[in-house]
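Notes for the structure review
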Amino acid sequence: MQRDEEKLGRYFVNPPDDISLASVDLDHLPRHISLIMDGNGRWATSRGLDRSEGHVAGVKALRETITASVRLGIDVLTAYAFSTENWRRPQHEVDLLMHLFATTLVRELPLFERENVRLVFLGDLEALPRQTKEVFEEGLNETAAHTGMTLGLAVNYGSRAEMVRAARTLAAKVSDGTMSIDDIDADAFSDELYTTGLPDPELLIRTSGEMRLSNYLLWQLAYTEFYVTDTYWPDFGRWDLLRAISSFQSRDRRFGGVK
Ligand code: IPE
Ligand code: IPE
Ligand code: MG
């Protein structure tokens, strides 16, 4: 991916003591970084605020991570915004999130235009409120021709539902004769997932300290490096992203082999 060195340098000025742009090898960045943006609620309640304030603050953190990733020249950034289990939250919180997704997307379309970001969605959009779904479709159409970073937003996403859907699609193709059972392999299965066409994430970042996947990309994360930070998502910024990348670059990735 193309990188504007001058813009990059300007974006990462005044580094904190422990990390700087020089801490990462820009020639070996992960192609695909994925985020479990967790801790918005705890960020808010720890400040005596309503959980909704945490979600609003979380949008700003995502904007910063998107911009930082574009500056670095990351190919693919994906982010878990709403899981298939998040419908269990109080109705007013679900409503607020759906409204926030729609208004944020409308507001950020100029950013995607300016930065050449292509938007994709992971998840079942059919179940979303009409307004949110329409705005998402507009975002898809308006950014489809962009050739810069791909931003994947996982909304109403659940990995088990995604895999069941893939299995059904393959079964239907076998039963109507367009595919034979022998053609079902890992690639054919991957092609039926929401992430089709995207490389698997090389780095997964989860904020706010939880050591679990919460039904996120179970198939795609098979050999991904994990980075968990106690920082709540709204406090996550460009330097945290560099810390995660620096940690990733210190790992010995063996993929089951020996060195
Ligand atoms: C992540 O923050 C945002 C969404 C799941 C939409 P949370 O809302 O899960 O924040 P905590 O985990 O309750 O602190
Ligand atoms: C995972 O966070 C989902 C998103 C970040 C959108 P949750 O807050 O829903 O996960 P659990 O409930 O702690 O496992
Ligand atoms: Mg949470």
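About the thresholds
Residues numbered from 1 in each chain as written. Chains lettered and ligands numbered in written order. Predicted model: local features only at pLDDT ≥ 70, side-chain atom pairs only at ≥ 80, totals over all residues. Heavy atoms only, no water. Helix = DSSP H or I, 4+ residues; strand = E, 2+ residues; numbered from the N terminus. Rg over C-alpha atoms; globule rule 2.2 N^0.38 Å. Buried < 20%, exposed > 50% of the residue type's maximum accessible area, 1.4 Å probe, protein only. Areas by Shrake-Rupley, 256 points an atom, 1.4 Å probe, with all protein chains shown as cover. Lys, Arg positive; Asp, Glu negative; His and termini not counted. Charge placed at Lys NZ, Arg CZ, Asp CG, Glu CD. Pairing = 2+ DSSP bridges. Axes fitted to C-alpha atoms, helices over the stretch in contact; angles between N-to-C directions. Salt bridge = Lys/Arg side-chain N within 4 Å of Asp/Glu carboxyl O. Near = heavy atom within 4 Å. Polar contact = N/O pair within 3.5 Å; in protein donor to acceptor, adjacent residues only side chain to side chain. Contact = heavy atoms within 4.5 Å.

1. Quick word on the overall build of the chain
When helices and strands are counted, the chain shows eight helices and six strands. Tracing the chain from N to C terminus, the helices and strands come up as α-β-α-α-β-α-β-α-β-α-α-β-β-α. Its C-alpha radius of gyration of 19 Å places the chain within 12% of the 18 Å reference for a compact globule of 259 residues. Projected onto its principal axes, the C-alpha positions of the chain cover 60 × 50 × 35 Å. Here the chain holds 259 residues, and the buried ones make up 49% of them. Carbon and sulfur atoms make up 49% of the accessible area of the chain, which amounts to about 13100 Å² in all. Positive and negative side-chain charges of the chain, numbering 29 and 40 respectively, have mean locations separated by a distance of 4 Å.

2. Some remarks on the sheet that holds strand β5 (residues 203–206)
The strand order across the open sheet built from six strands is β3-β4-β2-β1-β5-β6, with neighbouring strands paired in parallel fashion. Each of the sheet's edge strands pairs with one partner strand only, and the pair in question is β3 (118–122) and β6 (225–228). Sheet twist, expressed as the average angle between the axes of neighbouring strands with direction ignored, equals 20 degrees. The pairing of β3 with strand β4 (residues 150–157) spans five bridges and is classified as parallel. Paired with Arg118 across the two strands is Thr150, which belongs to β4.

3. Let's talk about the pattern of salt bridges
Enumeration over the complete set of coordinates arrives at 25 salt bridges. Note that Arg89 is salt-bridged to Glu93, the shortest N-O span being 2.9 Å. One salt bridge in this structure joins Lys173 and Glu192, with 2.9 Å as the shortest N-O distance. Placement of Lys173 in helix α6 (residues 159–175) and of Glu192 in the loop between α7 (186–191) and β5 is noted, with a sequence separation of 19 residues between them. Judged by its relative accessible area of 31%, Lys173 is partly exposed. Glu192 gets classed as buried once you look at its relative accessible area, which sits at 16%. Through salt bridges that share partners, Asp38, Arg42, Arg206, Glu210 and Arg212 make up one connected network.

4. A few points about the site of ligand 2
Taken together, the neighbourhood of ligand 2 is formed by Ile36, Met37, Asp38, Tyr80, Ala81, Phe82, Asn86, Arg89, Arg206, Arg212 and Ser214. Take Arg206: an N or O atom from its side chain is 3.4 Å from an oxygen atom of ligand 2. Take Ser214: an N or O atom from its side chain is 2.7 Å from an oxygen atom of ligand 2. Starting from 380 Å² of accessible surface for ligand 2 in isolation, the protein chains cover 78%.

5. A few points about the environment of Met98
Structurally, the position occupied by Met98 is in helix α4 (residues 91–114). On the basis of relative accessible area, Met98 is assigned to the buried category, the value being 3%. In contact with Met98, other than residues within four places in its own chain, are Phe82, Trp87, Leu128, Pro129 and Thr132.

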